[in-house]
Amino acid sequence: MTAYATAAIDSGFTEHLMQLRAAVDGRLDELLPAASNERDLVAAAIRDGALAPGKRMRPLLLLLAADGLGADQRPALDLACAIEMVHAASLILDDMPCMDNAQLRRGKPTVHLTFGEDIAILAAVALLSRAFGVVASIDGLRPLVRTQLVEVLANTIGSQGLVKGQLQDLRDGKHARTEEEIAATNNLKTGVLFGAIMDMAYLLSDAPKPVRGVLQRFAVELGHAVQLFDDLQDINPNSDKDQGKDDGKSTLLALCGEQKVRERLDGHLARAQICLDEAYRGDVYIGRFLRMLFG
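About the thresholds
- Residues numbered from 1 in each chain as written.
- Predicted model: local features only at pLDDT ≥ 70, side-chain atom pairs only at ≥ 80, totals over all residues.
- Heavy atoms only, no water.
- Helix = DSSP H or I, 4+ residues; strand = E, 2+ residues; numbered from the N terminus.
- Rg over C-alpha atoms; globule rule 2.2 N^0.38 Å.
- Buried < 20%, exposed > 50% of the residue type's maximum accessible area, 1.4 Å probe, protein only.
- Lys, Arg positive; Asp, Glu negative; His and termini not counted.
- Charge placed at Lys NZ, Arg CZ, Asp CG, Glu CD.
- Patch = residues over 30% accessible without salt bridge, like charges linked within 9 Å, V, L, I, M, F, W, Y side chains within 5 Å.
- Areas by Shrake-Rupley, 256 points an atom, 1.4 Å probe, with all protein chains shown as cover.
- Salt bridge = Lys/Arg side-chain N within 4 Å of Asp/Glu carboxyl O.
- Phe/Tyr/Trp six-rings, centres within 6.5 Å; stacked < 30°, edge-to-face > 60°.
- Lys NZ or Arg CZ within 6 Å of the ring centre and 35° of its normal.
- Contact = heavy atoms within 4.5 Å.
- pLDDT = per-residue confidence, 0-100.
- Core = buried A, V, L, I, M, F, W, Y, C linked by side-chain atoms within 4.5 Å.
- Axes fitted to C-alpha atoms, helices over the stretch in contact; angles between N-to-C directions.
- Parallel < 35°, antiparallel > 145°, perpendicular 65-115°, else oblique.

Caption draft 1: Expanded view of the overall build of the protein chain. If you tally the helices and strands in the protein chain, you get 13 helices and 2 strands. Expected size for 295 residues packed as a compact globule is a radius of gyration near 19 Å; at 19 Å, the protein chain falls within 12% of this value. Overall, the C-alpha framework of the protein chain stretches about 50 × 50 × 40 Å when taken along its three principal axes. Across the 295 residues in the protein chain, those meeting the buried criterion constitute 51%. The average position of the 32 basic charges and that of the 40 acidic charges among the side chains of the protein chain differ by 3 Å.

Below is the structure:
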């Protein structure tokens, strides 16, 4: 393939991503509560947290994954928005003074700094509630599939998912840990949401059963890669997040050093691509999307 042809494909894919992102942002705006007046602080905080400029990695991944499996994009869009609501809620809570005590998120002051800790907590709870409402009300799905989607979301958030990962990171992260222990926490804190994304894409499709396991292996590899990339941003002066908030924590960066972490990151991405090739029989879109994010 010539350089001109490659550039044309990349340009077309970039435009496709822009269209998908615009669809996500537009649908999110419709699904989130409107702030009826200046006193409606919870609605304002919800919108501030969920609509703040970001990569929209998770909803875009769901749309690309579902499309690659031949799933209907209409329910996938609402699922993508629900996933972004869950992610936004987790960020609001992660940033709280009793958690990571962050001051900056997506280049802006964190929600609790802008609206207060009480409003931030209520906004996060409301976002999680709205996410379940969105999934439960998607039209055109078989009742069993809708129930399975709600179950996936519940298990992802709950005491064996994001909650457990955050607790382990808060408590165990203050003490010395092995590489395996850190990786297990990273999988819960980051990987489970990618697992939910790929499971939702599978449930929307008619893909053969073996594909489900391959997609879950991909999600694990991607989750580790994203967490390692996030750890590296903690020492990146050009990051739009707080610098040094992981100081004193037992991360893989602290344990292994920057070079080893970058090598591990590359390894996870390579194994993720192998899973994509197996599941999608010649994946193009998701692999290119990941290269854009991590390149």
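Having seen it, we continue.
Caption draft 2: A nonpolar patch on the surface, seen in detail. A contiguous nonpolar patch, built from Leu 93, Ile 121 and Val 125 and spanning about 230 Å² of accessible area, is present on the exposed surface. Mapped onto the elements, Val 125 comes out in helix H6 (residues 117-136).

Caption draft 3: Broad picture of the packing of aromatic side chains. Going through the model one piece at a time under the given rule, you end up with 2 aromatic pairs. Both rings, one in Phe 229 and one in Phe 294, keep their centres 5.3 Å apart while their planes meet at 80 degrees; by these two values the pair is edge-to-face. Taken together, the residues Phe 229 in helix H10 (residues 209-233) and Phe 294 in helix H13 (residues 285-294) connect sequence positions 65 residues apart. Overall, the relative accessible area of 25% leaves Phe 229 in the partly exposed class. Its guanidinium or amino end placed over the ring of Phe 13, Arg 288 lies 5.5 Å from that ring's centre, counting from NZ or CZ.

Caption draft 4: Structural view of the environment of Ala 34. Note on placement: Ala 34 falls in the loop between helix H1 (3-31) and helix H2 (41-51). The exposed category is assigned to Ala 34, whose relative accessible area is 59%. Here the alpha-carbon distance between Ala 34 and Ile 46, two residues 12 residues apart in the chain, equals 9.3 Å. Apart from the residues lying within four places of it in its own chain, the contact partners of Ala 34 are Asp 40, Ala 43 and Arg 47.

Caption draft 5: Seen up close, the pattern of salt bridges. With the rule as written, the count across this model stands at 16 salt bridges. For Glu 30, the salt bridge identified is with Arg 27, shortest N-O distance 2.8 Å. Taken as a pair, Glu 30 and Arg 27 lie in helix H1 at a separation of 3 residues, close to a single helical turn. Classification of Arg 27 by relative accessible area gives partly exposed; the value is 25%. Among the ionic pairs, Glu 84 bridges to Arg 106, the shortest N-O distance being 3.3 Å. In this pair, Glu 84 is assigned in helix H4 (residues 73-94) and Arg 106 in the loop between strand S1 (104-105) and strand S2 (108-109), connecting sequence segments 22 residues apart. On the accessibility criterion, Glu 84 (1% relative accessible area) is buried.

Caption draft 6: Representation of the confidence of the model for the protein chain in the model. In the predicted model, the protein chain carries a mean pLDDT of 90, and the fraction of residues at 70 or more is 92%. When the criterion is pLDDT under 50, residues 1-8 qualifies, and its contacts beyond four places in sequence or with other chains add up to 2 contacts.

Caption draft 7: Geometry of the nonpolar core. One finds Phe 218, Phe 289, Leu 290 and Phe 294 to be the most contacted residues of the largest nonpolar core, which totals 90 residues. Looking at which element gives the most residues to this core, the answer is helix H9 (residues 179-204), with 13 residues. Non-local contacts of Phe 294, meaning those with residues more than four positions away in its chain, are made with Met 57, Leu 222, Ala 225, Val 226, Phe 229, Leu 265 and Leu 269.

Caption draft 8: Fine view of the packing of helix H7 (residues 143-157) against H9. Following both chains from N to C, one finds H7 and H9 inclined at 175 degrees, their axes separated by 9 Å at the closest point. As judged from the angle between their axes, H7 and H9 are roughly antiparallel. The residues of H9 that touch H7, namely those facing Val 145, Gln 148, Leu 149, Val 152, Leu 153 and Thr 156, are Val 192, Leu 193, Ala 196, Asp 199, Met 200, Leu 203 and Leu 204.

Caption draft 9: Representation of the side chain of Asp 78 in the model. Following the sequence through the fold, Asp 78 ends up in helix H4. A relative accessible area of 13% means that Asp 78 is categorised as buried. Every residue in contact with Asp 78, bar those within four places of it in the chain, is listed here: Arg 27, Leu 31, Val 134 and Ile 138.

Caption draft 10: Structural view of unusual backbone geometry. The backbone phi angle of Asn 101 is positive, close to 55 degrees, even though this residue is not glycine. Judged by its relative accessible area of 39%, Asn 101 falls in the partly exposed class. A positive phi angle is found at Arg 106, which is not glycine, with a value near 55 degrees.

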